[in-house]
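# Chains, contacts and geometry: an overview
The residues making up each chain are set out below.
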Amino acid sequence: MPAERAGYTVTMFLVDVSPSMGKFRPVEIPGAIDGEPDTIEMTNLEWSVQFVMLKIQEMIFNGRKTDQCGVILFGSEDTHNIINEKSGGYDHVSEYIPIGQPNAGTLAKLAALSPSTTSGDPIDALIVGIETQNEYLASKRTWTRKMVLLTDGENPIEVEDWETTTDKMNTLGISLAIIGVDFDDDELPFHEEDKTHMKRENEKFFHTFIAKVERGVIGNCDFALHELARPEIKQTKSALMGTLLRLGDVDARPEEAVEVLVKVSKCTAVARPKSWKKFARREFSEGEHVDPGKTVFAQLRMRTDYVLEPADGDAQATDKEEDEDEDVEMGEERPKKEPELIQKEDLVRGFKYGASYAPCPEGQFPRLSTRKGIDICGFFKAKQFRRELAMSEVQYVWADPASPMQQVALSSIVQAMYEKDTMAIARWVSRDGMDPKMGVFFPMMFDNVDCLMWVQMPFAEDVRNFPFASLDRLVTRKGEVLEQHPYLPTTEQMDAMENFVDAMDLMDAGEKDENGERQPWFDTRLSYNPAVHRTKQALFHGAIVTDLTTHPLPPPHPELLKYFEPPRRVLKRARTAIEECTRAFRVREVPKKVTRARKDGHNALPTPAPESQLELEPGRAPGRIVGTTRPLEDFKKNVARGDVEIVLKPFASRRTRSCWSACRSCVVSLLRYHEPQEDEIDAWNVFLRDLRKSCLDKQPGNQAFWEQVKESGRDLSLISKFEAARLGGKSNISESQAAEFIQQ
């Protein structure tokens, strides 16, 4: 048989809709409120057809046009199949959904199924499915053929000459899965009580039937639904992209260079969950006819508009004109100029250059003159490779499959690198004129082929360094090296942590193999991305249920949560080491911070953590009340005591740059956090004029500090008439004068 490929498959679903499938059964679902499981009633058909819908959803999710299916019903009221049309017989078997690529309509048709009033024969359905599938695949001999039979086994079966059917299935290479409702399963384990004699005999027959099918399996429907939630990796075959591998200068010294035709494919690629789309209730115009009982949603799509905001100069000019206009009433809201809409064709691309922009009408500056291909720049020892700097997905580099000479050439390079235990530095250019990437080659020798593996490495600009003080060496301000300190680990603490790390070793925490030896607990091949598979499960579940309130999303499969918690065996082994660490490091439980509710309805801020017992030097010179260590806190305390005049005196005389920022913070605090009262407006304006005069006119002055004050802009300028009115006072300063003052 040819190897099974992803896609290129036709799956026939044979669904039993006999009256017995209308029997109700209790089904446990997750609780919507307290998490406790609830129980609802569903028919066997509604419950079991979820398996078919989930399997079809997988085909829709993968999106392959060559992944097709068809649905045949047995036990239907009418008869509609290709055998009956040609030669009669095979009654109550209908081709419900013709073979094709499934879509949302396929799921809707399956959800509309209901039990009939007559029974059907599953063997008849199998024969009709074989003929329907064979006729569709008459010219597609290499396609994979699958069948899924869904039944409860409660109806009579015509077992005469059934071996001919199994022989036909084996000849065509058809794989068959029989999913039985409440079939006995020793592995679950599950055994149905009060099973009817007919169902018991039918189950025995189905097991005998499957034993004759070369690629057959039979199972319980409950187990099959549970297994469908198991994470399943989408098999993706990477496309081979052609390029050139060069070793040496093929232009200047072609006799000393090597050029190999190679193909590139992905070894790893980031898998992301399906993105959710946004929908909104659609609004219709008056002339459109809409069913009043039907709600229509439409997908929201993003649109980009380019607008030009009014320039700052225009806004300042407008403010100046309004200040000079006597008719403008105080507190009246000024009209804002609307942004101007700009067409995309009128835009010019540019790059930010300091405070300005460098336009680039052509969209980009000239690129480097590069040539497509991969150039090996040199070799280095594999032990010098820093794995933490790898920054991309891994790529395979194969020799051209159609050229034996190219395969020999690349294989010789790979084997030489492997024998010398070396890696190569390579420069990759994907297309002519594209920016180059630097990476490394690692030799890889498989059973029947040799290849290189490439991963991108960072340039100097891509590396981020985060320096921090030593963890085992503490030096005081005087340069003394401390041997003992609460921040330095003791020998007891080091030994306790070393024992804890050894006890948490996962290399022997897994299951035992056939030789009785423990295997590693973590396996990358069995570690699935929860975001991908949980999103997929939610998507599938939402598509097969009609109401998420009554049918909430079931819990994730245990395989998805397999590595969420450390193994119990390791935790039990590490219990002593954990207690030793708790004692050595004097670990204490931190009490939870409780937010106290104020009488006015506001919540108080969380209680701050206790400060260090280390008392800091305030840094106050003799006769000063504001220190250099915490000047802003000292300033606020003095403001509260009414010592503002004394505090503000030394501002203009401070010469160190470290004090300028603190001084400006004090000025901002005085204006923003202690708003001037009615009788303090004039005092603020006088103070600010004196401060500017002291910094700019008097000697020695402090122009650099005034420049920092100017950076605060209009918020730190004189109080104008408009602001004074808000504070309940008066001022003779206009808005334009206040804006002009801070810029001088």
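Rules used throughout
Residues numbered from 1 in each chain as written. Predicted model: local features only at pLDDT ≥ 70, side-chain atom pairs only at ≥ 80, totals over all residues. Heavy atoms only, no water. Helix = DSSP H or I, 4+ residues; strand = E, 2+ residues; numbered from the N terminus. Buried < 20%, exposed > 50% of the residue type's maximum accessible area, 1.4 Å probe, protein only. Contact = heavy atoms within 4.5 Å. Core = buried A, V, L, I, M, F, W, Y, C linked by side-chain atoms within 4.5 Å. Pairing = 2+ DSSP bridges. Right-handed = clockwise from strand over helix to strand, strands pointing away. Phe/Tyr/Trp six-rings, centres within 6.5 Å; stacked < 30°, edge-to-face > 60°. Lys NZ or Arg CZ within 6 Å of the ring centre and 35° of its normal. Axes fitted to C-alpha atoms, helices over the stretch in contact; angles between N-to-C directions. Expected span 1.5 Å × (residues − 1). Polar contact = N/O pair within 3.5 Å; in protein donor to acceptor, adjacent residues only side chain to side chain. Parallel < 35°, antiparallel > 145°, perpendicular 65-115°, else oblique. Left-handed = near helix turned anticlockwise from the far one by under 90°. Patch = residues over 30% accessible without salt bridge, like charges linked within 9 Å, V, L, I, M, F, W, Y side chains within 5 Å. Areas by Shrake-Rupley, 256 points an atom, 1.4 Å probe, with all protein chains shown as cover. Salt bridge = Lys/Arg side-chain N within 4 Å of Asp/Glu carboxyl O. Lys, Arg positive; Asp, Glu negative; His and termini not counted. Charge placed at Lys NZ, Arg CZ, Asp CG, Glu CD. Nonpolar A, V, L, I, M, F, W, Y, C, P; charged D, E, K, R; others polar.

## As for the overall build of the chain
Looking only at helices and strands, the chain features 20 helices and 23 strands. The proportion of buried residues among the 744 residues of the chain is 34%. Within the chain, counting contacts between residues at least 6 apart in sequence, those at least 24 apart form 66% of the total.

## What about the nonpolar core?
Within the largest apolar cluster, 33 residues are counted, with the highest numbers of intra-cluster contacts made by Phe 13, Val 15, Val 52 and Leu 110. Listed by contribution, the elements that provide at least two residues to this core are β1 (9-16), α1 (44-62), β4 (67-74), α3 (104-111), β6 (144-151), α7 (221-228) and α11 (530-544). When residues in this core are grouped by element, the largest group, 10 residues, is from α1. Excluding residues that lie within four positions of it along the chain, Phe 13 makes contacts with Val 52, Lys 55, Ile 56, Met 59, Cys 69, Gly 70, Val 71, Ile 72 and Val 148. Within the second largest apolar cluster, 31 residues are counted, among which are Ala 125, Trp 162, Leu 172 and Phe 206.

## Quick word on the environment of Val 394
Within the element layout of this structure, Val 394 appears in the loop between β17 (373-381) and β18 (395-399). Each C-alpha atom of the pair Val 394 and Trp 454 lies 5.8 Å from the other, and the pair is 60 residues apart in sequence. If we skip the residues at most four places from it in the chain, Val 394 touches Lys 266, Cys 267, Thr 268, Met 453 and Trp 454.

## Considering the pairing of β4
Burial of β4 is extensive: eight of the eight residues sit out of reach of the surface. Of the two faces of β4, the one lined by Asp 67, Cys 69, Val 71 and Leu 73 and the one lined by Gln 68, Gly 70, Ile 72 and Phe 74 are each fully buried. Looking at chain direction, β1 and β4 are connected through eight bridges and run parallel. Within the sheet, the bridge partner assigned to Asp 16 lies in β4 and is Phe 74. Here β4 pairs with strand β5 (residues 93-100) via five bridges, running antiparallel. Across the sheet, Cys 69 pairs through a bridge with Gly 100, a residue of β5.

## What to know about the pairing of strand β7 (residues 174-180)
Counted residue by residue, β7 has seven buried out of seven residues, so it is predominantly covered. Judged by which residues are buried, β7 turns out to be covered on both faces: Ile 174, Leu 176, Ile 178 and Gly 180 on one side and Ser 175, Ala 177 and Ile 179 on the other are all buried. As paired strands, β6 and β7 are joined by seven bridges and run parallel to one another. The partner of Val 148 across the bridge, within β7, is Ala 177. Between the parallel pair β6 and β7, the chain is carried across by helix α5 (residues 162-172), and the sense of this crossover is right-handed. Read from β7 through helix α6 (residues 197-212) to strand β8 (residues 216-220), the crossover connection turns out right-handed.

## Regarding the packing of aromatic side chains
Under the criterion given, the structure shown has 13 aromatic pairs. A ring pair is formed by Phe 61 and Phe 540, whose centres lie 5.7 Å apart and whose planes are at 80°; its orientation type is edge-to-face. In this pair, Phe 61 sits in helix α1 while Phe 540 sits in helix α11, placing the two residues 479 residues apart along the sequence. Taking 6.3 Å as the distance between ring centres and 25° as the angle between the ring planes, the aromatic pair formed by Trp 398 and Phe 446 counts as stacked. Separated by 48 residues along the polypeptide, Trp 398 in strand β18 and Phe 446 in the loop between β20 (437-445) and β21 (450-456) bring together distant segments of the chain. Connected via pairs of aromatic rings, a cluster forms that spans Trp 162, Phe 183, Phe 205, Phe 206 and Phe 209. Over the face of the ring belonging to Trp 143 we find Lys 140, whose NZ or CZ atom lies 4.7 Å from the ring centre. Taking the ring centre of Phe 61 as reference, the NZ or CZ of Lys 274 above it sits at 5.2 Å.

## With respect to the sheet that holds β6
Ordered by their spatial adjacency, six strands build an open sheet running β5-β4-β1-β6-β7-β8, and the pairing between neighbours is mixed. Edge positions in the sheet fall to β5 and β8, since each has one partner strand and no second. When the angles between neighbouring strand axes are averaged without regard to direction, this sheet yields 15°. Looking at chain direction, β7 and β8 are connected through five bridges and run parallel.

## Section: α11
Working note: α-helix, 3.6 residues per turn, so residues spaced by three or four point in the same direction. Counted at 1.5 Å a residue, the expected span for α11 with its 15 residues is 21 Å, and the 21 Å between its end C-alpha atoms agrees. For α11, the set of buried residues is Val 532, His 533, Thr 535, Lys 536, Gln 537, Phe 540, His 541 and Ile 544. At its buried positions, α11 is contacted by α1. The N-cap residue of α11 is Asn 529: its side-chain oxygen and the backbone nitrogen of Ala 531 are 3.0 Å apart.

## Topic: the packing of helix α4 (residues 122-136) against α5
Two numbers describe how α4 lies on α5: the axes approach to 11 Å, and their chain directions differ by 30°. Comparing the axis directions of α4 and α5 gives the class roughly parallel. Of the two possible hands of crossing, α4 and α5 adopt the one that is left-handed. Contacts from Ile 123, Ile 127, Ile 130, Glu 131 and Asn 134 of α4 reach α5 at Thr 165, Lys 168, Met 169 and Leu 172.

## Overview of a negative patch on the surface
Among the surface-exposed residues, Glu 158, Glu 160, Asp 161, Glu 163 and Asp 167 lie close enough to one another that they form a single negatively charged patch. The residue Glu 163 is located in helix α5 in this model. Accessibility expressed as a relative area gives 37% for Glu 163, which makes it partly exposed.

## Points about the packing of α1 against α7
In contact at an axis separation of 10 Å, α1 and α7 are set at 35° when each is read in the N-to-C sense. Two packed elements cross with a definite hand, and for α1 against α7 that hand is left-handed. Here α1 contributes Trp 47, Ser 48, Gln 50, Phe 51, Leu 54 and Lys 55 to the contact with α7, which in turn contributes Cys 221, Asp 222, Ala 224, Leu 225 and Leu 228. Split into classes, the residues belonging to the contact of α1 with α7 amount to seven nonpolar, two polar and two charged.

## Concerning the side chain of Glu 203
With respect to the helices, strands and loops of the structure, Glu 203 is situated in helix α6. At a separation of 3.2 Å, a polar atom in the side chain of Glu 203 contacts the main-chain amide nitrogen of Asp 184. Setting aside chain neighbours within four positions, we find Glu 203 in contact with Asp 182, Phe 183, Asp 184 and Lys 195.

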